[in-house]
Amino acid sequence: MWNRWTSGLLAWTLVLLVVGVVLAGWATASLTDAQQACFYGPASVPCPDGWDWRLSLLTFAFLGVPLIWLTGLAVAGVGWALRRRRRRRA
């Protein structure tokens with residue numbers, strides 16, 4: 001029932017899902033810690049702003065990881081179509 005393509009795409013999806021969730025969780029927790037340190041800490045502790053690297057990481061988790069996933073699906077689809085086309089010629 002499951003062929004090699006299906007297993008590969010399922011593994012690709014699960015790996016990138018885990019990567020996205022871990023990156024988003026870590027960036028959110030890190031931003032929360034930075035905001036608490038800014039609020040409760042002395043005046044020398046900088047507050048995170050719109051250019052903070054953790055916000056960029058969170059944006060990558062929500063936009064970059066799904067784009068990488070879609071690119072992988074597109075490459076797999078092209079590979080599947082080419083392989084199927086070669087089989088028909090032979």
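Reference entry: report on the structure contained in this document. (Residues numbered from 1 in each chain as written. Predicted model: local features only at pLDDT ≥ 70, side-chain atom pairs only at ≥ 80, totals over all residues. Heavy atoms only, no water.)

### Notes on the state of the cysteines
Applying the stated rule across the entire model yields 1 disulfide. Disulfide pairing is shown between Cys-38 and Cys-47; the S-S distance is 1.5 Å. Accessibility expressed as a relative area gives 18% for Cys-38, which makes it buried. The class of Cys-47 is partly exposed, set by a relative accessible area of 48%. (Disulfide = S-S within 2.5 Å. Buried < 20%, exposed > 50% of the residue type's maximum accessible area, 1.4 Å probe, protein only.)

### Things to note about the nonpolar core
Grouped together as the largest cluster of nonpolar side chains are 9 residues: Leu-16, Leu-23, Ala-24, Ala-27, Leu-31, Leu-57, Leu-58, Ala-61 and Val-65. Within the residue set of this core, elements represented by two or more residues are α1 (4-40) and α2 (53-89). A total of 5 residues in this core trace back to one element, the largest contributor, which is α1. (Core = buried A, V, L, I, M, F, W, Y, C linked by side-chain atoms within 4.5 Å. Helix = DSSP H or I, 4+ residues; strand = E, 2+ residues; numbered from the N terminus.)

### Description of the side chain of Asp-52
Structurally, Asp-52 is set in the loop between α1 and α2. A polar contact is formed between the side chain of Asp-52 and the side chain of Arg-54, at a distance of 2.7 Å. (Polar contact = N/O pair within 3.5 Å; in protein donor to acceptor, adjacent residues only side chain to side chain.)

### Description of α1
Since one α-helical turn is 3.6 residues long, residues separated by three or four positions face the same way. End to end, α1 covers 54 Å across 37 residues, agreeing with the expected 54 Å (1.5 Å per residue, within 8%). Buried residues of α1: Leu-16, Gly-20, Leu-23, Ala-24, Ala-27, Ser-30, Leu-31, Ala-34 and Cys-38, and no others. Looking at the packing, one finds that the buried side of α1 touches α2. (Expected span 1.5 Å × (residues − 1). Contact = heavy atoms within 4.5 Å.)

### Re the packing of aromatic side chains
The full count for this structure, using the stated rule, is 2 aromatic pairs. Each ring, one from Trp-26 and one from Trp-53, has its centre 5.7 Å from the other, and the planes form 50 degrees; the classification is tilted. Placement of Trp-26 in helix α1 and of Trp-53 in helix α2 is noted, with a sequence separation of 27 residues between them. Summarising the aromatic geometry, the rings of Phe-39 and Tyr-40 are spaced 4.9 Å apart at their centres and angled 80 degrees between planes, so their arrangement reads as edge-to-face. Classification of Tyr-40 by relative accessible area gives exposed; the value is 66%. The ring of Trp-5 has Arg-4 sitting right over it, with the charged end atom 5.9 Å from the ring centre. (Phe/Tyr/Trp six-rings, centres within 6.5 Å; stacked < 30°, edge-to-face > 60°. Lys NZ or Arg CZ within 6 Å of the ring centre and 35° of its normal.)

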